[in-house]
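Examining the three-dimensional arrangement
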Amino acid sequence: MTQNPHSPKPDVPTGIEDHLLKTVGVAPADATPTDLMQAVSQVARQQLSRRWVETQAAERADKARRVYYLSMEFLIGRTLSNALAALDLGEGAAEGLRQHAQKLEDVADREPDAALGNGGLGRLAACFLDSMATLGLPSFGYGIRYEYGMFAQDIQNGCQVEYPDPWLADGTPWEFPRAGITYPVRFGGWVEHNGVGPVWRPAGEVAAKAYDMVVPGHGTSKVSTLRLWKAVAPAHIDLHVFNNGDYARAASVKNEYENISWVLYPNDSTPAGRELRLRQEYFFVAASVQDILGRHLEEHGTLANLADKVAIHLNDTHPAIGVAELMRVLCDEHGMAWDAAWTLCRKTFSYTNHTLMPEALETWPVALMQQVLPRHLEIIFRINHAFLAEAAKHRPGDQEFLARLSLVDERGERRVRMANLSIVGSHKVNGVSALHSELLVQTIFADFASLWPDRFTNMTNGVTPRRWLAQANPGLAGLLDRNIGTQWRLDLDQLRKLGELKGNAPFRDEFMAVKRANKTRLAAYIERATGIKVNPASLFDVQVKRIHEYKRQLLNVLHVVTRYQAIIANPNADWVPRTVILAGKAASSYVMAKSIIRLIHDVGTVINNDPRVGDKLKLVFFPNYGVSVAEVIMPGADLSEQISTAGTEASGTGNMKLAMNGALTIGTDDGANIEIRQNVGNENIFIFGLRTPEVQALKHGGYHPLRYYEGNPQLKAVLDAIAGDQFSPDEPGRYRALVDSLLWGGDQYLLLADYEAYVATQARVDELFRNPSQWAQRAIANVAGMGVFSSDRTIREYATQIWGIEPS
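Residues numbered from 1 in each chain as written. Predicted model: local features only at pLDDT ≥ 70, side-chain atom pairs only at ≥ 80, totals over all residues. Heavy atoms only, no water.

Moving on to the packing of helix 21 (residues 505-530) against helix 24 (residues 627-636). Running from amino to carboxyl end, helix 21 crosses helix 24 at an angle of 135°, the nearest separation of the two axes being 7 Å. As far as their axial angle goes, helix 24 and helix 21 are oblique. The handedness of the crossing between helix 21 and helix 24 is left-handed. Every residue of helix 24 that contacts helix 21 at K515, N518, K519, R521, L522 and Y525 is listed here: S628, V629, E631, V632, I633, M634, P635 and G636. (Axes fitted to C-alpha atoms, helices over the stretch in contact; angles between N-to-C directions. Helix = DSSP H or I, 4+ residues; strand = E, 2+ residues; numbered from the N terminus. Parallel < 35°, antiparallel > 145°, perpendicular 65-115°, else oblique. Left-handed = near helix turned anticlockwise from the far one by under 90°. Contact = heavy atoms within 4.5 Å.)

Counting through the fold element by element, I600 comes out in helix 23 (residues 591-608). I600 has contacts with V557, L582, L619 and F621, leaving out every residue within four places of it along the chain.

With that settled, the discussion passes to the packing of aromatic side chains. A full pass over the atoms with the stated rule returns 20 aromatic pairs. Judged by centre distance (5.1 Å) and plane angle (20°), the rings of Y798 and W803 are stacked. The residues Y798 and W803 share a single accessibility class, namely buried. Taken together, the ring pairs connect Y68, F140, Y142, Y183 and W229 into an aromatic cluster. In this structure, R279 packs its charged tip against the face of F187, placed 4.7 Å from the ring centre. Sitting above the plane of the F140 ring, R295 keeps its charged end 4.1 Å from the centroid. (Phe/Tyr/Trp six-rings, centres within 6.5 Å; stacked < 30°, edge-to-face > 60°. Buried < 20%, exposed > 50% of the residue type's maximum accessible area, 1.4 Å probe, protein only. Lys NZ or Arg CZ within 6 Å of the ring centre and 35° of its normal.)

One open sheet accounts for 6 strands, arranged 19-18-17-20-21-22; its pairing is parallel. Of all strands in the sheet, those bounded by a partner on one side alone are strand 19 (617-622) and strand 22 (686-687). Judged from the 6 bridges that link them, strand 18 (residues 578-583) and strand 19 form a sheet pairing that is parallel. Within strand 19, the residue paired with R578 across the bridge is L617. (Pairing = 2+ DSSP bridges.)

Quick look at unusual backbone geometry now. Even without glycine at this site, D725 takes up a positive phi of about 75°. Turning to its location among the elements, D725 is positioned in the loop between helix 29 (713-723) and helix 30 (736-743). In this structure D725 comes out as buried when scored by relative accessible area, which is 19%. With a phi close to 45°, D747 is a non-glycine residue in the positive phi region. Counting through the fold element by element, D747 comes out in the loop between helix 30 and helix 31 (751-769).

Our next topic: the pattern of salt bridges. Scanning the model with the defined rule gives 51 salt bridges in all. Put simply, R78 and D113 hold a salt bridge, and the shortest N to O gap is 3.5 Å. Of this pair, R78 sits in the loop between strand 1 (66-70) and helix 3 (80-87) while D113 sits in the loop between helix 5 (104-108) and helix 6 (120-134); the two residues are 35 residues apart in sequence, bridging distant segments of the chain. We note a salt bridge from R375 to E378, for which the minimum N-O separation is 2.9 Å. (Salt bridge = Lys/Arg side-chain N within 4 Å of Asp/Glu carboxyl O.)

Let's shift gears to helix 17 (residues 434-442). Listed in full, the buried residues belonging to helix 17 are L435, H436, S437, L439 and L440. Buried positions along helix 17 lie against strand 15 (428-431), helix 18 (446-451), strand 16 (456-458), helix 26 (673-680) and helix 27 (692-701).

Attention now goes to the pairing of strand 8 (residues 204-216). Taken across its 13 residues, strand 8 has 11 buried, putting it largely inside the fold. The pairing of strand 5 (residues 175-187) with strand 8 spans 10 bridges and is antiparallel. By the bridge assignment, E175 is partnered in strand 8 with M213. In sequence, strand 8 turns back onto strand 9 (residues 223-232) through a hairpin of 6 residues, with G219 there showing a positive phi of about 75°.

Written as structure tokens, this is what we have:
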């Protein structure tokens, strides 16, 4: 079936009026901006529904091979603007809203962000679905329909406070409830072995109900599907108990099961929290596997060709239990022989790793898995037994080798290693940047790579230019359209043409005028959100990402305090005005990350209210960071902070989004920063600090952070000011533990070792910013070099090299 993306467009203004009356239930003359957002969304929803039906019919008719992308997160943000662009309905929507004296951008702002993710992992998954649809890949994303997201972040007295994020409180026009698609998911109990075969006798059951979101492709009428699962208790309440007045107990069973889909990443510092996380992971995997196999059997009638028609991709280890679940379903429910099932399983699964830190690799206590998933634990033990027998042939007698490979860590509390399960159960394993993939096979997965060197590969991350350039930065998008044409949205390599324009003075002037307008918009946004007034003419220095010690927001703060002290010492010097902007959430149980957020606020309070400083320096923390906030910050950034300790950041995607919007990067040679440097040129990026081999050598040789503190008066003054309560006079000792972690706690991420190089490189940034023409040329060079960082390129590589699907 051929689909035509250029089919006649609907009359959007008429559609808006129609939906105001028939769907929203309001007289058009009385419609509020929120009513109008709902009505415009309904117009788009109708077109998305039509495209979804056509896409599914075409794929069924073709008996297409599909990719199923399993991810704990899909950070999709708002849908309206992207949908209108993909459907080519933007002009019609704008015209319809003008009839109500409203602007499209103001109405679109009424849509809440979908609270389905938190960080780069979830945003990557969202970009990938956009590219799968645009490239015409038959595809589904599978995840959980979180009712309250991870949390909404508020800042009170400088401290992060978490609240539920009830994004579904008023419903959403973008989901399609699939009333007929519900699967049972079982937990607990025991396993019987009666001679016929193992029989799992579960102790509890929850229903997984399907809700679809349609992800439209651009330049095509193909779509991808994001299928999200909601947990529903099999019995709603005990009506007899309820009528006797015990209302809490009547609802207890309902809450016990339905809390599975309430919150992303529940606090795992308690046994109950850890059990809930494991239940969440199995819940969405079990429902997804049932859905995948049901669709396959409906189309093909046999499971023998499963690996020919189905590719299941594990986005990190959260869905790794899928390996054991597929084996359980094939063997226990469909009677397939173990060896045949295992062959299918390994051909079906592939796995992306997102971390180099051993402590971040997910493991589960054997006792907990025995309690929650007893049959799966048996299956994992059997997989492990056969695998270790195979591995022993590779290095006979090497028990340490086998202990490192084992799916079960036998040291101390026995734990199941989910990354090891993912590797053993997959035919391909990839990292997400060239350095990351290289380090995977040299460090944490070196033993596996010695067994299966061809199993490991690299897929450098990418981002969708439709969201992060066309939608987020319409001023720059328009400038590109006028100078290099519009095709860059679907072929980001077209940006190379900008290299010929960076020496063109009129183009440079237009480019910087767009940047100034974006900075003015961001400055107004900051004032509304924080009450802090910043100067748009200052250098906007941006670090926006989840708060974690390895990402080194604290190093950024050390530079800010250094700068502050220098300004106070010499206020009449010719300072380059700078506004430092940070944003990101700390995990609710991550005490150190929360302390860093508070320090940022305390330092900002002092600096922003010091009359000696004025506009020379401002420090801003933007609360409740998410996709929509990022869409305002990214286009307004001058400088992109990517300063993780070399060898710790798998890739990063914020670095790509910022550079794509004309920010220059200051960063370590880590993750995708290396590939950005290679594509934009060494002269157009500020690289500083220890490289990965130097980090390893320093740690192995014995790192002594106190030597850096005692040997650098500037650094000593900064740390003494923080530890000595200059920024926390109301609570002496507030940051003593933070400073002690650097001086006496080993400074795990080498902030003090990189401090001097970082401060010196920031001085180079100042010098370049004093020369607007040179700065503009280098900013343009960054945009010109971003073609390779399109998620379209990434997904083409996944499709052809891992999933075995040719993009249409």
